[in-house]
Amino acid sequence: MRMQIIEQFIASKYGDDALCEDGLFINDKFIAVMDGVTAKGDILWNNKTSGFHAKETLLNAMEQLNGSESAVQVLEYLNSQLHKQYNGNDDYFLKNTTERIRSTIVIYSRRYQQIWCFGDCQFSINGQVFQEEMEIDRLLAEVRSVYLQSELISGKSVEELCFSDPSHEIIFPVVKNQLYFSNCDKGGKYGFNVLDGFCNDFSKIIIRDVEEGDTVILASDGYPRLEPSLYESELYLKELKEHDPLCIEKYKAGSGFTNGKTAIDDRTYIKFIV
């Protein structure tokens, strides 16, 4: 039985899809949403950011799968394709963690009738939402919220701070250093999972079974709240932009509708019936 796609959407946080670091893959074997991690370094890949290149690499790699692969086999293959992009310069990219290409991913396998999630993408099955939130993201969001609220108390306006968000400079050193916690068994509660070409432990993949007739949603973390429909998910974003554009009260995040962004992050949403 063929998967029935109900609705799908993908958009850049800058309103220009040519800059979008999210990816959406659909064929008769898999449906996948990948979220290329926003660049923290300076290297451009074919004149594109590291997050964009990671997304493109994974989209191309998904095409090569025959559908029989297990969850771990798929992640190992995708990770190997990211590793190939380093062209043998392992020492440099092991040392310069900010320059790696990274992506999280959530996949539906038609053969296994399972959802596989690695990293902080999200999904829902018949309305039950699953997401691996990162403790370090919560911490940074709280610090950013405190800083921007102090700026408001000092006399700056919401409009000023949306136009030019000074919190980026405050938290960016920590944002860069948090990369040391990726795929790290010493990371403790701040550790997190991501495909980066060097990951060698896929034991923390989330796997959930689905049955014929189940309604499934796959999405990137660009949606602060994963709702049962695209309309409702977009509506929450619209209301958030109206009532808390800095994202420091109603929904605390590492960025807001600031510095020319039309959304908090790139976002992807696909809803289908198995």
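See the structure above.
Rules of the game
- Residues numbered from 1 in each chain as written.
- Predicted model: local features only at pLDDT ≥ 70, side-chain atom pairs only at ≥ 80, totals over all residues.
- Heavy atoms only, no water.
- Helix = DSSP H or I, 4+ residues; strand = E, 2+ residues; numbered from the N terminus.
- Rg over C-alpha atoms; globule rule 2.2 N^0.38 Å.
- Buried < 20%, exposed > 50% of the residue type's maximum accessible area, 1.4 Å probe, protein only.
- Areas by Shrake-Rupley, 256 points an atom, 1.4 Å probe, with all protein chains shown as cover.
- Lys, Arg positive; Asp, Glu negative; His and termini not counted.
- Charge placed at Lys NZ, Arg CZ, Asp CG, Glu CD.
- Arc of directions from axis to C-beta.
- Contact = heavy atoms within 4.5 Å.
- Expected span 1.5 Å × (residues − 1).
- Pairing = 2+ DSSP bridges.

Participant: Would you explain the overall build of the protein in this entry?
Facilitator: Tallying secondary structure elements over the protein gives seven helices and ten strands in all. In terms of C-alpha radius of gyration, the protein reaches 18 Å, essentially the compact-globule figure of 19 Å for 274 residues. Reported as C-alpha extents along the three principal axes, the dimensions of the protein are approximately 60 × 45 × 35 Å. In the protein, buried positions account for 50% of the 274 residues. Total accessible area on the protein is roughly 13,200 Å²; 47% of this is exposed by carbon and sulfur atoms. Measuring between centres, the 28 positive side-chain charges of the protein sit 2 Å from its 43 negative side-chain charges.

Participant: So what exactly am I meant to see when it comes to helix H6 (residues 167–177) here?
Facilitator: Note that an α-helix has 3.6 residues per turn; residues three or four places apart therefore point the same way. For H6, the complete set of buried residues consists of Ser 167, Ile 171 and Val 175. For H6, the arc enclosing every buried residue in end-on projection is 65°, short of the 170-degree limit, so these residues lie on one face. For H6, the secondary structure elements touched by its buried residues are helix H4 (135–153).

Participant: Please explain unusual backbone geometry as it appears in this structure.
Facilitator: Most peptide bonds take the trans form, and the phi angle of most residues other than glycine is negative. Not every positive phi belongs to a glycine, and Asn 47 is a case in point at roughly 70°. Assignment of secondary structure puts Asn 47 in the loop between strand E3 (30–36) and helix H1 (50–62). Of note in this structure, Cys 247 is not a glycine but carries a positive phi near 55°. Tracing the backbone through its elements, the reader meets Cys 247 in the loop between helix H7 (230–243) and strand E10 (267–273). Judged by its relative accessible area of 0%, Cys 247 falls in the buried class.

Participant: Looking at this model, I keep getting lost on the side chain of Gln 178. Mind explaining?
Facilitator: Residue placement: Gln 178 occurs in the loop between H6 and strand E8 (206–209). Residues contacting Gln 178, with those up to four places away along its chain left out, are Met 134, Ile 136, Asp 137, Leu 140 and Phe 192.

Participant: Looking at this structure, how should I read H1?
Facilitator: Compared with an ideal rise of 1.5 Å per residue, which puts 13 residues at 18 Å, H1 spans 18 Å between its outermost C-alpha atoms and is within 8% of the ideal. Buried residues dominate H1, accounting for eleven of its 13 residues. When we look at burial in H1, the residues that qualify are Ser 50, Gly 51, Phe 52, His 53, Ala 54, Lys 55, Thr 57, Leu 58, Leu 59, Ala 61 and Met 62. Check the buried side of H1 and you find it contacts strand E2 (22–26), E3, helix H2 (71–84) and strand E4 (103–109).

Participant: Explain the pairing of E4 to me, please; I cannot follow it from the model alone.
Facilitator: Both faces of the sheet carry side chains from a regular strand, because those side chains alternate between them. With seven of its seven residues buried, E4 lies for the most part within the structure. Of the two faces of E4, the one carrying Ser 103, Ile 105, Ile 107 and Ser 109 and the one carrying Thr 104, Val 106 and Tyr 108 are both buried. Relative to E4, E3 is paired through seven bridges, and the arrangement is antiparallel. For Phe 30, the partnering residue across the bridge sits in E4 and is Ser 109. Sheet analysis places E4 next to strand E5 (residues 114–118), joined by five bridges and oriented antiparallel. The partner of Val 106 across the bridge, within E5, is Cys 117. Count of turn residues in the E4/E5 antiparallel hairpin: four residues, of which Gln 113 carries a positive phi of about 50°.

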